[in-house]
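# Coordinate inspection notes
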Amino acid sequence: MQGYDYDLFVIGGGSGGVRAARMSAGFGARVGLAERDRLGGTCVIRGCVPKKLLVYAAHVREELEDAAGYGWSIDGARFSWPQLIANKDREIVRLEGVYRNLLEKAGVTIHAAHARLLDPHTMEVGAQRFTAQHILIATGGRPFVPAIPGHELGFTSNEAFHLPELPRRIAILGGGYIAVEFAGIFNGLGCEVTLAYRGPEFLRGFDDDVRHFLHAEMEKKGIRILLNAPPAALTKRGDGAIEVALDRGGSLTADGVMFATGRVPNTERLGLEAAGVQLTRDGAVYVDGYSRTNVPHIHAVGDVTHRLQLTPVAIREGAAVAQTLFGGRPTEADHADVPTAVFSQPPIGTVGLTEAQALATYRAIDVYKTDFRPMKHTLSGRDERTLMKLVVDTASQRVVGAHMVGTDAPEIIQAIGIAVKAKLTKADFDATVGIHPTAAEEFVTLREKVTRRGEG
Ligand code: NDP
């Protein structure tokens, strides 16, 4: 590989690119990485990490309210958005430094510049040119905003982390992960929140019970949810407020409007055409199971590809590419039974198949379900419930799906994910002794089932 400047050149310093770069360097490869923005990518800079910090902040309000039931009176509690944002920013700067250190210690050469392919092995990186034997596209994605009139009056998750002040009334357009997570954040921090989704129920693709249950819990917390309500236009009124006209009639008024209408891959200005790299119809980089594009020495991982848009998945994909190219072990990224969470309030944790997916896959399924008031809320008095659900293939008795809405759902489902991935049966769950008193113990004591006929 000596004819090239680098053995591997990574474009994009987010979760997937950084993991691939570090691991490849660890295997002895000469690695360069270009990042035109901040190291860490969407997850660290304007995604998972700052979002989770805001979720914690929003939840404090309920903790303060719940304290009364436990004998505490807390007077004079006040919230400062600028203080929260400053503290959050400090943590993000720290994490960015951690990413830089990890790369430098691994021996990766970092270029703080935009990179563009000139031909299948040559990149222009800022004012310089480099050649590389292998190239990894890990440029991630960015928010998509529909081109409706007045769309420029709204903001996206990118700006949500730096609003100069919290709007009193906020409209969130969309019904995916980001929409429901920010609805919970802004509601917890004291804004009046309306979520307007274009379809019949938000979180399309999640288990239907989970969707309806979260919907009801969010409404109990005071979030207004409008369904079948696609946005048509935004206009600024004389008093500064923004009016969102809805496509099927009606409108809503807010002081801030957030678009959470999906994300698109960053494939522009990369010279992908010059290198002959094929894209999917949605503009994502098309890859095979080894994250290889149609050009065999060019790979792509993470949100720029057409697969699951989740940080831990991008990291696995990046690791698999390093392993394949320099570790001497061709490795496919495994996308089966990936657990995921929505940090709504209350949060969702889910792994495996939804009830509908299982019905389409198996001849018959057993569904076990429970919903209950968590012990904490006996004294707090809060009207919040928890939902747990297991989906089992009747024939093999394998647990093929586990779903939860409630406090700690992401933490609990991470562990349940091991059991689902290991293809354990309902009897294995039943043989496990619960930890009392927890909510999680319900997953090993579910007894009442409903059997449904499937199409599989
Ligand atoms: P999603 O794809 O999850 O949701 C996009 C939402 O916008 C959907 O409800 C979609 O409706 C709606 N929408 C799309 N286009 C329009 C339009 N033109 N007009 C009105 N509504 C529209 O995207 P997000 O941006 O919420 O998140 C992107 C991805 O990032 C997620 O899928 C997830 O993989 C990842 N993510 C993960 C998180 C986590 O792990 N906790 C947190 C945040 C993001 P419809 O359903 O009808 O298509």
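Residues numbered from 1 in each chain as written. Predicted model: local features only at pLDDT ≥ 70, side-chain atom pairs only at ≥ 80, totals over all residues. Heavy atoms only, no water.

This brings us to the pattern of salt bridges. This model, assessed by the stated rule, comprises 35 salt bridges. Here R116 makes a salt bridge to E124, at a shortest N to O gap of 3.0 Å. R116 gets classed as partly exposed once you look at its relative accessible area, which sits at 32%. A salt bridge links R142 to E268; its shortest N-O distance comes to 3.1 Å. Placement of R142 in strand β7 (residues 141–143) and of E268 in the loop between β15 (263–265) and α8 (272–275) is noted, with a sequence separation of 126 residues between them. Looking at R142, the relative accessible area reads 31%, which means it is partly exposed. (Salt bridge = Lys/Arg side-chain N within 4 Å of Asp/Glu carboxyl O. Buried < 20%, exposed > 50% of the residue type's maximum accessible area, 1.4 Å probe, protein only. Helix = DSSP H or I, 4+ residues; strand = E, 2+ residues; numbered from the N terminus.)

Moving on, we get to helix α7 (residues 208–220). Counting along an α-helix, one turn takes 3.6 residues, and residues three or four places apart therefore face a common direction. Helix length check: α7, at 13 residues, gives a terminal C-alpha distance of 19 Å against a target of 18 Å (1.5 Å per residue), a fit within 8%. Near the N-terminus of α7, the side chain that reaches the backbone nitrogen of D209, with its oxygen 3.0 Å away, is that of D207. Phi turns positive one or two residues past the end of α7, at G222, with a value near 100°. (Expected span 1.5 Å × (residues − 1). Polar contact = N/O pair within 3.5 Å; in protein donor to acceptor, adjacent residues only side chain to side chain.)

So, about the environment of I170. Note that I170 resides in strand β8 (residues 169–173). The sequence separation of I170 and P50 amounts to 120 residues, and the corresponding C-alpha distance is 19 Å. Those residues in contact with I170, other than ones at most four positions away along the chain, are F155, F186, C191, E192, V193, T194, A254 and G256. (Contact = heavy atoms within 4.5 Å.)

Judged by nonpolar contacts, the single largest core of 41 residues is most densely connected at I172, F182, F186, L195, F202 and M218. If you list the elements that add at least two residues to this core, you get α3 (48–67), α4 (81–106), β8, α6 (177–188), β9 (192–196), α7 and β17 (340–342). Here this core takes six residues from α6, the largest share from any one element. One finds A115, A275, V285 and V287 within the second-largest nonpolar core, a separate group that totals 23 residues. (Core = buried A, V, L, I, M, F, W, Y, C linked by side-chain atoms within 4.5 Å.)

Let's shift gears to the sheet that holds strand β11 (residues 231–236). If you walk across this open sheet you meet the three strands as β11-β12-β13, and the pairing is antiparallel. Strand pairing shows two members of the sheet lacking a second neighbour, β11 and β13 (251–254), which therefore form its edges. Within this sheet the neighbouring strands show an average axis-to-axis angle of 20°, counted without direction. One ladder, built from five bridges, connects β11 with strand β12 (residues 242–246); its direction is antiparallel. The residue bridging P231 from the neighbouring strand is L246, located in β12. (Pairing = 2+ DSSP bridges. Axes fitted to C-alpha atoms, helices over the stretch in contact; angles between N-to-C directions.)

Turning next to the site of the ligand. Near the ligand you find 21 residues, and of these Y197, R198, R204, Q309 and A341 are the closest. Measuring from an oxygen atom of the ligand, one finds a backbone N or O atom of Y177 at 3.3 Å. Summarising the interface, the protein chains cover 77% of the accessible area of the ligand, which totals 910 Å² for the free molecule. With three residues, the single largest contributor to the shell around the ligand is α6. (Near = heavy atom within 4 Å. Areas by Shrake-Rupley, 256 points an atom, 1.4 Å probe, with all protein chains shown as cover.)

With an omega dihedral of 0°, the bond running from Q345 to P346 counts as a cis peptide bond. Among the structural elements, P346 can be located in the loop between β17 and β18 (348–352). Between H436 and P437 the backbone carries a cis peptide bond, its omega angle lying at -10°. As for its position among the elements, P437 is in the loop between α13 (426–431) and β22 (449–453). Residues other than glycine seldom take positive phi values, yet D408 does so here, at roughly 65°.

Moving on to the pairing of strand β21 (residues 399–405). The buried fraction of β21 amounts to seven of the seven residues, a majority that puts the element mostly inside the structure. Bridge count for β18 against β21 is five bridges, and the pairing is antiparallel. Counterpart to G349 in the pairing with β21 is M404. Bridge count between strand β20 (residues 386–393) and β21: six bridges; the pairing is antiparallel. Across the sheet, residue V391 finds its bridge partner in β21, namely G401. Hairpin connection from β20 to β21: five residues lie between these consecutive antiparallel strands, with Q397 at a positive phi of about 65°.

Our focus in this paragraph is the packing of aromatic side chains. Applying the stated rule across the entire model yields six aromatic pairs. Seen from their ring centres, Y6 and F9 are 5.5 Å apart, and the 55° between their planes marks the pair as tilted. Assigned by exposure class, Y6 and F9 land together as buried. One aromatic cluster is present, formed by Y6, F9 and F130 through successive ring pairs. The ring centre of Y368 lies 4.3 Å from the NZ or CZ of K426, which sits over that ring. (Phe/Tyr/Trp six-rings, centres within 6.5 Å; stacked < 30°, edge-to-face > 60°. Lys NZ or Arg CZ within 6 Å of the ring centre and 35° of its normal.)

So, about a nonpolar patch on the surface. A cluster of nonpolar residues, V60, L64, Y70, W72, I74 and L379, forms a patch on the protein surface that exposes about 610 Å² of accessible area. Considering the arrangement of structural elements, one finds W72 in the loop between α3 and α4. Relative accessible area serves as the criterion here: at 61%, W72 is assigned to the exposed category. (Patch = residues over 30% accessible without salt bridge, like charges linked within 9 Å, V, L, I, M, F, W, Y side chains within 5 Å.)

What follows concerns the sheet that holds β9. Strand-to-strand pairing in sheets goes through backbone hydrogen bonds, with the strands running parallel or antiparallel. Read across the open sheet, the four strands follow the order β10-β9-β8-β14; overall the sheet is parallel. Of all strands in the sheet, those with a lone pairing partner are β10 (224–226) and β14 (256–259), marking the two edges. Across the sheet, the mean angle from the axis of one strand to that of its neighbour is 20°, orientation sign disregarded. As judged from the three bridges shared by β9 and β10, these two strands associate in the parallel manner. The partner of T194 across the bridge, within β10, is R224.

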